[in-house]
Amino acid sequence: QRTIIVSRIEALTELREELDRELLRIGERHARTMRRAREALLEPRVNNRDAMLAWTADHYQQEMSRLLTDTRGVLRTRLGTTSLSAPMRLDLTRLDRQIERIEAEVPQVAPALEELLAASASEDPQLLPTAMQELERRDREMTSLIRTAGAMLRRAAVAQSRAAAI
């Protein structure tokens, strides 16, 4: 009996760590992109600034999509496992829906980066603050979605660990 409990807790811990790593990679990629965009605006040489912003705008959606696909692959693989309890399967399904929300936000962030690039290259001084506000709003939304996914994972893992120990 004790061996079964220990193996369940070990399996849950492994699952949580694997998904936690995936969510961390997503969060770090997003944060790094936002940091690069902000740093680019501080670049005094216009050509360098525009190149930095262009690279950021061009690669954000591709990189985030790749990471989210990896994460969903891990989730779907785990959901296909028959050893999951019904509550854990439900928790992972909810987490999968949260990952879908993150995926839906990615196409909203990418245009904000492109808008920032266009505003940076523009002669109109009013465009840059507006573009920056939009990017900040999208950054907050994405960060919130990623944090929510992490919290969902932690709550599910704790609940399942408690259930396995009972």
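Residue positions are counted from 1 within each chain, in the order its sequence is given. Only residues with pLDDT of at least 70 get local features here, since the model is predicted, and only at 80 or more are side-chain atom pairs given and counted; chain-wide, interface and lining totals rely on the full set of residues. To get the side-chain values, take all heavy atoms of the structure and skip hydrogens and water.

Any details on the nonpolar core? Residues and values, ideally.
In this structure, L19, Y60, L92, L95, I102, L113 and M142 are the most contacted members of the largest nonpolar core, which totals 40 residues. It is helix α3 (residues 86–121) that contributes the most residues to this core, 12 residues altogether. Note on definitions: a residue-residue contact is assigned when non-hydrogen atoms from the two residues lie within 4.5 Å. The contact partners of I102, leaving out residues within four places of it in the chain, are L68, M142, L145, I146 and A149. In this text, buried Ala, Val, Leu, Ile, Met, Phe, Trp, Tyr and Cys residues form a nonpolar core when linked through side-chain atoms within 4.5 Å. Relative accessibility decides the category of a residue: with a 1.4 Å probe and only protein chains considered, values under 20% of the type maximum give buried, values over 50% give exposed, and everything between is partly exposed. Secondary structure is summarised from DSSP: a helix means a run of H or I of at least four residues, a strand means a run of E of at least two, and numbering begins at the N terminus for each.

Run through the side chain of D96, naming residues and quoting values.
Tracing the chain through its elements places D96 in helix α3. You can call D96 buried: its relative accessible area is 8%. A polar contact of 3.0 Å, which involves the side chain of D96, links it to the side chain of R72. In contact with D96, other than residues within four places in its own chain, are R72, L75 and R76. In protein, a polar contact requires one atom able to donate a hydrogen and another able to accept it; more generally it is a pair of N or O atoms within 3.5 Å, and residues adjacent in sequence count only if both atoms are side-chain atoms.

Pulling in residues and values, what's your account of the pattern of salt bridges?
Whenever a carboxyl oxygen of Asp or Glu lies within 4 Å of a side-chain nitrogen of Lys or Arg, that contact is scored as a salt bridge. For the structure shown, the criterion picks out 18 salt bridges. Measuring nitrogen to oxygen at the nearest pair gives 3.8 Å for the salt bridge that ties R25 to D70. Linking R25 in helix α1 (residues 2–41) with D70 in helix α2 (residues 46–79), this pair joins segments that are 45 residues apart in sequence. One salt bridge in this structure joins R72 and E100, with 2.9 Å as the shortest N-O distance.

Lay out the packing of α2 against α3 in plain terms, naming residues and giving numbers.
With axes taken as lines fitted to C-alpha atoms, and helix axes fitted only over the stretch in contact, angles between N-to-C directions fall between 0 and 180 degrees. At a minimum axis separation of 9 Å, α2 and α3 run at an interaxial angle of 170°. Taken together, the axes of α2 and α3 lie roughly antiparallel to each other. In the contact of α2 with α3, the residues fall into 20 nonpolar, 5 polar and 10 charged. Reported orientations rely on four angle classes, namely roughly parallel under 35 degrees, roughly antiparallel over 145, roughly perpendicular from 65 to 115, and oblique for the rest. Three categories are distinguished: nonpolar for Ala, Val, Leu, Ile, Met, Phe, Trp, Tyr, Cys and Pro, charged for Asp, Glu, Lys and Arg, and polar for the others, with Gly belonging to the last.

Help me get a handle on the environment of V106, residues and values and all.
You can see V106 is positioned in helix α3. Taking the C-alpha atoms as reference points, V106 and I26, separated by 80 residues in sequence, lie 11 Å from one another. If sequence neighbours within four positions are ignored, V106 has contacts with Y60, Q61, M64, L68 and M142.

Explain the environment of S122 to me, using residue names and the numbers behind them.
With respect to the secondary-structure elements, S122 resides in the loop between α3 and α4 (127–165). Within polar-contact distance, the side chain of S122 engages the backbone nitrogen of D124 at 3.0 Å.

That is the geometry; function is a separate question.
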